[in-house]
Amino acid sequence: MDNQPDHFIVCGLGSLGQQTVVNLNKFSQAPDDISIAAIDLSIPTYWEIENLLDLLSAPLIIGDSRRYDLLRQAGIERCRSILIVTSDESINVETALVARRLNPAVHLVLRSSRPNLNQLLKRQLGRFVALDAMELAASTFALSGISDNVLSLFKIGDISFRVVQKSVTTGSLRYDGKPLQHLHRRDDRLLDFVQRNSTPPTSTSKTPSKLFHRWQPHTKTSPGDVITMIEIDHASQRKGAAAPKRLSSRRLSKKAKRWLKALVNGDWRHQFSGLWAHGEQRSLQRVMAIALSTVLVSWPIGTLLIKQAVPTLSWGKAVTLGVILLLGGYGDVFGGLEEYDLPVWLPLVCLLIALASLFLVLSGFSVLTERLLSSRFEFLRRRPQLPEADHIIVVGVGRLGYRAISILQEFNQSLIAITQELSYPELMNQVPILVGNILQQLKQANLATAKSVIAATDDPMLNLEIALIVSEAHPSPFTPIIRAANQGLSENVAVLLPQAKAFSVYALSAEAFAGAAFGENIVGLFRLQGQTILIAEYNIEAGDQLSGKLLAEIAYGYGVVPILLQTTNSQGERQAIPIPSDDLRSRDGDRLYVLSSINGLRRIERGEVAPPSRWRLQVGKPLNQQVLLSAGNILVQLSGLDLSWCRDLMSRLPTSVELQLYDHQA
């Protein structure tokens, strides 16, 4: 039996690398079941995690992670996963290529912000996951600035989900006085329940988290209780379905065939009139159509007239003169025909043809010039006005700020962006943006009436200064959102400004990197009750921890929440089941998406299933014996017990039996 520990290599011990080492160690069940080696170009000048070197199984290796000898020294041949999280993405990619050459089976976890390159590398390298720390953390910053308690908004395939936190109000037909088990519906599920005046749970230890399913199903809600639900966001799906589609090549070919058919059937007037259907949008198309029609008509007419007037000219010469006439060469045509006896009407007709051609040329140039000027001076358009109240101020429009703005726009939030330098010019016509000294521009952003401020600059001290200015200037209870450089600063800010929310980008995303090291695909994350919740994807294969289990056993045994099951139906077709019920059973080849803390991922990785409770089931004698078969099938479906045992139980009614079931399952 192979008792070798799982070996991991972390390349880069900046803030993200140090946090990743800590989270990898959370998967450890015994002192020697996980080993971690680390490589960095130099000894870090700042240790965010005290005694971090004690978490490594070997001394820190100093040097370039792209070197073959250093990767071999770190144990690449026996490595399960290598996490390449340096701040230089080119070094990350090169290190991944070298690691794949040295160990074709190693799982690559890469820090990269280039989605196209990541997809190409994944197809070429295999066993490859690329994550963007800024992308993972952006939703947490953006949604923390919204006051309607939306904790997360994400999409898996064509299905949109949102996580919302609500306070139970008196008289609410949906929530007030309801047993918690009745809050589950087809399109939503209860994630968390905090009773009024109680302390929300937190979990930072290796003990199983009680964030999910920690309540009793029969507990009733009361006003003031706080509940957190995950819901299918049908509004976003309808919005996505209504988005305009690009004109495909198939549609273009159909349009061309329709035009040809119209010309053959003599219905060309109807099709040609469509060019005038959309006003200014088709001005260029109209001019081009008129010009083409004029050429097709005037060229043969001019050629025939010249040939008829001068029979001794060859057809080639006549065609050439017709082209010259269309190009404005009236003098050139008749200067070469002076020796011929021309009819009086010919110069007049040819002059009209030349003038019409000249008019069309000038019209075409005017339309093209108009288009060129309108695109060239796009910045002269009227910019969005600064909102006066109930808006969100995003300070710092780097990658994190830009992504946060995009998320807030999806929620139709009123925004003001403030930046030292404009790195994304397209924002000028999308949101009101103030460019210049940030502290000076902050005064122009209607700070006193803003809903929230997100300080997302790269300078943590500037972010702290902004938070202090905002807290003093705003007259009402206010929650500034601060980007902290590290987890230590985030914790210290919480003491200085209890009303603020300070997040470290790398502390947030490090849990996703650690989870990806064990083969899980982390598609997103959000914060709930002080914990990072990961959205993890599992491809279920024969022999793994989730194969053949009821979703109830997965949910309550491992402390996770299944939110989407992609499986195969009885007709052999793939189908997606959002918010799946507990009585469904996973099968090999299924794909399951769950919400989980880092502890939940560790329990699945280690197969640490929480034991169920013992229940006594009393079954009376039915009035109708025909229901026994259905009753036995239902018991199998809900409990996962053997079918023959359940049917035997139904044949011995009335009776009682002890069952091993989780509380919510029972």
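Placed above this text is the structure.
Residues numbered from 1 in each chain as written. Predicted model: local features only at pLDDT ≥ 70, side-chain atom pairs only at ≥ 80, totals over all residues. Heavy atoms only, no water.

**Some points on the pairing of strand E16 (residues 501-504)**
Looking at chain direction, strand E15 (residues 481-484) and E16 are connected through four bridges and run parallel. Across the sheet, the residue bridging to Arg483 is Phe503, located in E16. For the crossover that starts at E15, traverses helix H16 (residues 487-496) and ends in the parallel E16, the hand is right-handed. (Pairing = 2+ DSSP bridges. Helix = DSSP H or I, 4+ residues; strand = E, 2+ residues; numbered from the N terminus. Right-handed = clockwise from strand over helix to strand, strands pointing away.)

**A short note on the packing of aromatic side chains**
Counted under the stated rule, the structure contains four aromatic pairs. For the ring pair Phe8 and Phe518, a centre distance of 5.0 Å and an interplane angle of 55° mean the geometry is tilted. With a gap of 510 residues between them, Phe8 in strand E1 (residues 6-11) and Phe518 in the loop between helix H17 (505-517) and strand E17 (521-528) connect regions that are remote in the sequence. The class of Phe8 is buried, set by a relative accessible area of 0%. Between Tyr402 and Tyr424 the ring centres are 4.0 Å apart and the planes differ by 10°, which places this aromatic pair in the stacked class. Of this pair, Tyr402 sits in helix H13 (residues 399-410) while Tyr424 sits in the loop between strand E12 (415-419) and strand E13 (433-435); the two residues are 22 residues apart in sequence, bridging distant segments of the chain. (Phe/Tyr/Trp six-rings, centres within 6.5 Å; stacked < 30°, edge-to-face > 60°. Buried < 20%, exposed > 50% of the residue type's maximum accessible area, 1.4 Å probe, protein only.)

**Considering the pairing of strand E20 (residues 574-578)**
Consecutive side chains along a regular strand alternate between the two faces of the sheet. Sheet analysis places strand E19 (residues 561-568) next to E20, joined by five bridges and oriented antiparallel. From the neighbouring strand, Leu565 faces E20, where its bridge partner is Ile577. Counting the residues that bridge the hairpin from E19 to E20 gives five residues, and of these Gly572 lies at a positive phi of roughly 80°.

**Points about the pattern of salt bridges**
Evaluation of the coordinates by the stated rule reveals 18 salt bridges. A salt bridge links Arg114 to Glu89, with the nearest nitrogen and oxygen atoms 3.9 Å apart. Here the residue Arg114 occupies a position in the loop between strand E5 (107-111) and helix H4 (115-125), and Glu89 occupies one in helix H3 (residues 89-102), the gap between them amounting to 25 residues. In this structure Arg114 comes out as exposed when scored by relative accessible area, which is 51%. For Glu608, the salt bridge identified is with Arg602, shortest N-O distance 3.2 Å. Residue Arg602 is classed as buried on the basis of its relative accessible area, which comes to 4%. Three or more residues joined by partner-sharing salt bridges are found here, namely Asp6, Arg80 and Glu605. (Salt bridge = Lys/Arg side-chain N within 4 Å of Asp/Glu carboxyl O.)

**Here we look at the packing of helix H1 (residues 15-25) against H17**
For the pair H1 and H17, the least separation of the axes is 8 Å and the interaxial angle reads 55°. With respect to each other, H1 and H17 are oriented oblique. In this structure, H1 crosses over H17, and the sense of that crossing is right-handed. Of the residues in H17, those in contact with Ser15, Leu16, Gln19, Thr20, Asn23 and Leu24 of H1 are Tyr506, Ala507, Ser509, Ala510, Glu511, Phe513, Ala514 and Ala517. The residue makeup of the contact of H1 with H17, split by class, is eight nonpolar, five polar and one charged. (Axes fitted to C-alpha atoms, helices over the stretch in contact; angles between N-to-C directions. Parallel < 35°, antiparallel > 145°, perpendicular 65-115°, else oblique. Left-handed = near helix turned anticlockwise from the far one by under 90°. Contact = heavy atoms within 4.5 Å. Nonpolar A, V, L, I, M, F, W, Y, C, P; charged D, E, K, R; others polar.)

**Regarding unusual backbone geometry**
The phi dihedral of Asn51 is positive, around 55°, even though this residue is not glycine. Secondary-structure assignment places Asn51 in the loop between strand E2 (34-40) and strand E3 (61-62). Residue Asn51 is classed as exposed on the basis of its relative accessible area, which comes to 54%. Positive phi outside glycine occurs at Asn412, with the angle close to 55°. Considering the arrangement of structural elements, one finds Asn412 in the loop between H13 and E12. Taking relative accessible area as the criterion, Asn412 reaches 65% and is therefore assigned exposed.

**Some details on the sheet that holds strand E21 (residues 591-596)**
Within a sheet, adjacent strands bond to each other through the backbone by hydrogen bonds, running parallel or antiparallel. Read from one edge of the open sheet, five strands run E17-E18-E21-E19-E20, paired in antiparallel fashion. In the strand order of this sheet, the two ends are held by E17 and E20, each with one partner. Shown here is a sheet whose adjacent strand axes are inclined to one another by a mean of 15°, direction ignored. Where E17 meets strand E18 (residues 531-539), seven bridges bridge the pair, whose relative direction is antiparallel. Note that in E18 the partner of Ile522 across the bridge is Ala536. Along the sheet face, H17 touches E17 and E18 and points at about 145° away from the line of E17. Sheet strands touched by helix H19 (residues 598-606): E17, E18 and E21. Its angle to E18, the strand with the most contacts, is close to 35°.

**Considerations on the nonpolar core**
Among the nonpolar cores identified, the biggest contains 86 residues, and Leu24, Phe141 and Phe513 are the most heavily contacted of them. By residue number, the principal contributor to this core is H17, which donates nine residues. Each residue touching Phe513, except ones within four places of it in the same chain, is listed here: Leu16, Thr20, Leu83, Val85, Val109, Leu110, Arg111, Leu131, Ala133 and Leu136. With 23 residues, the next largest nonpolar core counts Leu71, Leu102, Leu108 and Leu125 among its residues. (Core = buried A, V, L, I, M, F, W, Y, C linked by side-chain atoms within 4.5 Å.)

**With respect to the packing of helix H5 (residues 133-144) against H13**
Packed helix pairs are characterised by how far apart their axes lie and by the angle those axes make with each other. At a minimum axis distance of 8 Å, the contact between H5 and H13 shows a crossing angle of 55°. Classed by the angle they form, the pair H5 and H13 counts as oblique. Between H5 and H13 the crossing geometry is right-handed. Residues Met134, Glu135, Ala137, Ala138, Ser139, Phe141, Ala142 and Leu143 of H5 touch H13, and the partners they reach there are Arg399, Leu400, Arg403, Ala404, Ile407 and Leu408. Looking at the contact of H5 with H13, its residues break down into 10 nonpolar, one polar and three charged.

These results come straight from atomic positions and should not be treated as a statement about function.
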